[in-house]
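Take a look at the letters that make up each chain.
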Amino acid sequence: MNSDYPLVPYEPPSWASRLTFIPKHRIQFANRNTPIQRWHLPGIPEDFQVLLKRDDMTGSVLSGNKIRKLEFLLADAVEKGCEVIMTCGGVRSNHCRATAIASCQMGLDCHLFLWSRTQDLQGQFTGNTLLDRMVGSNFYLVPHECSFQTEILPRMTQLQEHIKDTTGKKSYAVPLGGSNSVGVWGYIDCFQELVSQGLLEKVTDVVVASGSSGTVTGLAIGNFLTGNNLKIHGMAVLGDAAYFHFEADQILQDLGLQATDGSSGVKAADIMDIVEGAKGIGYGLSTPEELECIQEIAMTTGILTDPCYTGKAAFHTMRLMREDPGRFKGKEILFIHTGGWFDLFSGVMSSAVDGKTSAENKVADWMELTDKVPVVQ
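What this report covers is the structure whose coordinates are included nearby.

About the thresholds
- Residues numbered from 1 in each chain as written.
- Predicted model: local features only at pLDDT ≥ 70, side-chain atom pairs only at ≥ 80, totals over all residues.
- Heavy atoms only, no water.
- Axes fitted to C-alpha atoms, helices over the stretch in contact; angles between N-to-C directions.
- Helix = DSSP H or I, 4+ residues; strand = E, 2+ residues; numbered from the N terminus.
- Parallel < 35°, antiparallel > 145°, perpendicular 65-115°, else oblique.
- Left-handed = near helix turned anticlockwise from the far one by under 90°.
- Contact = heavy atoms within 4.5 Å.
- Nonpolar A, V, L, I, M, F, W, Y, C, P; charged D, E, K, R; others polar.
- Core = buried A, V, L, I, M, F, W, Y, C linked by side-chain atoms within 4.5 Å.
- Buried < 20%, exposed > 50% of the residue type's maximum accessible area, 1.4 Å probe, protein only.
- Pairing = 2+ DSSP bridges.
- Polar contact = N/O pair within 3.5 Å; in protein donor to acceptor, adjacent residues only side chain to side chain.
- Phe/Tyr/Trp six-rings, centres within 6.5 Å; stacked < 30°, edge-to-face > 60°.
- Lys NZ or Arg CZ within 6 Å of the ring centre and 35° of its normal.

### Side note on the packing of helix α2 (residues 94–105) against helix α3 (residues 127–134)
Right, on to step 1. Two elements in contact, α2 and α3, have axes whose closest approach is 9 Å; the angle formed by their N-to-C orientations is 20 degrees. The pairing of α2 with α3 is recorded here as roughly parallel in orientation. With respect to the hand of their crossing, α2 and α3 are arranged in left-handed fashion. Contact residues: α2 offers Asn94, Cys96, Arg97, Ala100 and Ile101, while α3 offers Asn128, Leu131 and Asp132.
Right, on to step 2. Taken together, the residues of the contact of α2 with α3 sort by class into four nonpolar, two polar and two charged.

### Examining the nonpolar core
The tendency in soluble globular proteins is for nonpolar side chains to be buried side by side.
Right, on to step 1. In terms of nonpolar packing, the biggest core is built from 64 residues, with Leu19, Phe29, Trp185, Ile188, Leu219 and Ile221 touching the most fellow members.
Right, on to step 2. A per-element tally of this core places helix α1 (residues 66–79) first, with eight residues.
Right, on to step 3. Residues within four places of Ile221 in sequence aside, it is in contact with Leu19, Val184, Ile188, Ile251, Leu252, Leu255, Leu257 and Ile271.
Right, on to step 4. The next biggest cluster of nonpolar side chains, apart from the first, holds 27 residues, and it includes Val237, Ala278, Ala313 and Met318.

### Focus: the sheet that holds strand β5 (residues 84–90)
Right, on to step 1. Within the open sheet, the four strands sit side by side as β7-β6-β5-β8. Their pairing is parallel. Edge positions in the open sheet fall to β7 (138–143) and β8 (171–173), since each of these has one partner strand only. The sheet shows a mean angle of 20 degrees between the axes of neighbouring strands, taken without regard to direction.
Right, on to step 2. Both β5 and strand β6 (residues 109–116) contribute to a ladder of seven bridges, which runs parallel. Bridge pairing in β6 links Thr87 to Leu112.
Right, on to step 3. Strand contacts of α2: β5 and β6, with the helix running at about 160 degrees to β5, the strand carrying the most contacts.

### Notes on the environment of Cys88
Right, on to step 1. Checked against the element boundaries, Cys88 lands in strand β5.
Right, on to step 2. Sequence separation between Cys88 and Leu141 is 53 residues, and the spatial gap between their C-alpha atoms is 10.0 Å.
Right, on to step 3. In this structure, Cys88 is in contact with His95, Cys96, Phe113, Trp115, Phe148, Ile152, Val174, Leu176 and Gly177, ignoring residues within four places of it in sequence.

### Some words on the side chain of Lys53
Right, on to step 1. Along the polypeptide, Lys53 turns up in strand β4 (residues 49–53).
Right, on to step 2. In terms of polar contacts, Lys53 uses its side chain to reach the side chain of Thr34, at 3.1 Å.

### Observations regarding the packing of aromatic side chains
Right, on to step 1. Within this structure, the stated rule accounts for 12 aromatic pairs.
Right, on to step 2. With 4.9 Å between their ring centres and 85 degrees between their planes, Tyr10 and Phe72 make a pair best called edge-to-face. Note that Tyr10 is positioned in the loop between β1 (7–9) and β2 (25–27) and Phe72 in helix α1, a separation of 62 residues in sequence. Each member of the pair Tyr10 and Phe72 is classed as buried.
Right, on to step 3. One aromatic cluster is present, formed by Tyr10, Phe72 and Trp185 through successive ring pairs.
Right, on to step 4. If you follow Arg68 out to its NZ or CZ, it ends over the ring of Tyr187, 5.6 Å from the centre.
Right, on to step 5. A cation sits over an aromatic face here: Lys331 above Phe48, 5.0 Å from the ring centre.

### A short note on the environment of Thr301
Right, on to step 1. Looking at the secondary structure, you find Thr301 in helix α9 (residues 288–301).
Right, on to step 2. Thr301 gets classed as partly exposed once you look at its relative accessible area, which sits at 24%.
Right, on to step 3. Along the backbone, Thr301 and Pro42 are 259 residues apart, and their C-alpha atoms lie at a distance of 8.4 Å.
Right, on to step 4. In this view, Thr301 contacts Trp39, His40 and Pro42; residues no more than four positions away in its chain are not counted.
Right, on to step 5. Separated by 3.2 Å, the side chains of Thr301 and Trp39 make a polar contact.
Right, on to step 6. At a separation of 2.6 Å, a polar atom in the side chain of Thr301 contacts the main-chain carbonyl oxygen of Ile297.

### Quick look at the sheet that holds strand β3 (residues 36–38)
Right, on to step 1. Here six strands make up an open sheet; going across it, the order is β3-β4-β12-β9-β10-β11 and the pairing mixed. In this open sheet, the two strands that pair with only one neighbour each are β3 and β11 (273–275). Each neighbouring strand pair of the sheet contributes to a mean axis angle of 25 degrees, computed without reference to strand direction.
Right, on to step 2. Lying on the sheet, helix α10 (residues 310–323) is in contact with β4, β9 (205–210), β10 (231–236), β11 and β12 (332–336); it crosses β12 at an angle near 165 degrees.

Below you can see the structure in the form of structure tokens.
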């Protein structure tokens, strides 16, 4: 392990001390206390106010929500003597990019299992995948329809055994999205950051893009343990409510908040609101309306959101404010920006912009100015 990234003892918030699993260490990657600012989203009802938690500023190429989880996951890997990290995600995965870069910085090998609609990555080394390649990740392309539990996980186990047999190195499998009872501490801990920033008195609802359940579950646990003052909404860009509730219930059991058979204790469905429509036409796929909204948000607020996660979450949050405002507890919303803007360089947004006219893109011939602007003598 790179000695520049030592294990740091972790002290949980006092309100989390009842949990049956508490990490002993973290590795400090993230810039904490990310700022909160007013977000003047276009076209929303005037009685709504939106604040933006800038977790896209957790740190450079490690920006976004994933690095908060990886602080605990990679500390767990180091404690267990692992020198190889492997994980899974889509070709455009923010989680895989953050895992790849953090692993490289720590001197750990990284192997990525990537769901792909093509058989190779030729021409797809853009955005997150370009960064994965630049830090030397190993890629294994997985057909898009493959199941993680029944098809990918067994192959990850085989790879772990092969690496052990051929190199003697022990491998650590980071779960999909970093979402398990270790990774969830990234956003249990983040909830304490929200408490320290006075958010419990300022907002009624928290909204976050949700792909693998860890972020929304961590926030929901923090909210539950501190008195359920807020309503936590996960904008599901992958899967449905049943998927998120199942994954969250497993974590609740691991942390001692629910019986191992799920018969008693807090239920995920009672502490989080999963908005299913946020997936749109499919994971990683965007409608023209969603892409136009991303561009409008950028032009009017200066905030960049990505097509796969935060852009969809923002689009459908704005839709709910207009069409179903009663879904929210109140009118003071905190939207957590989970990063992901490297996906803006995947080609999806540039295709949308290239389809516009020069006038729409505000491009003019500078020579047109010569008959309108006096020539300086």
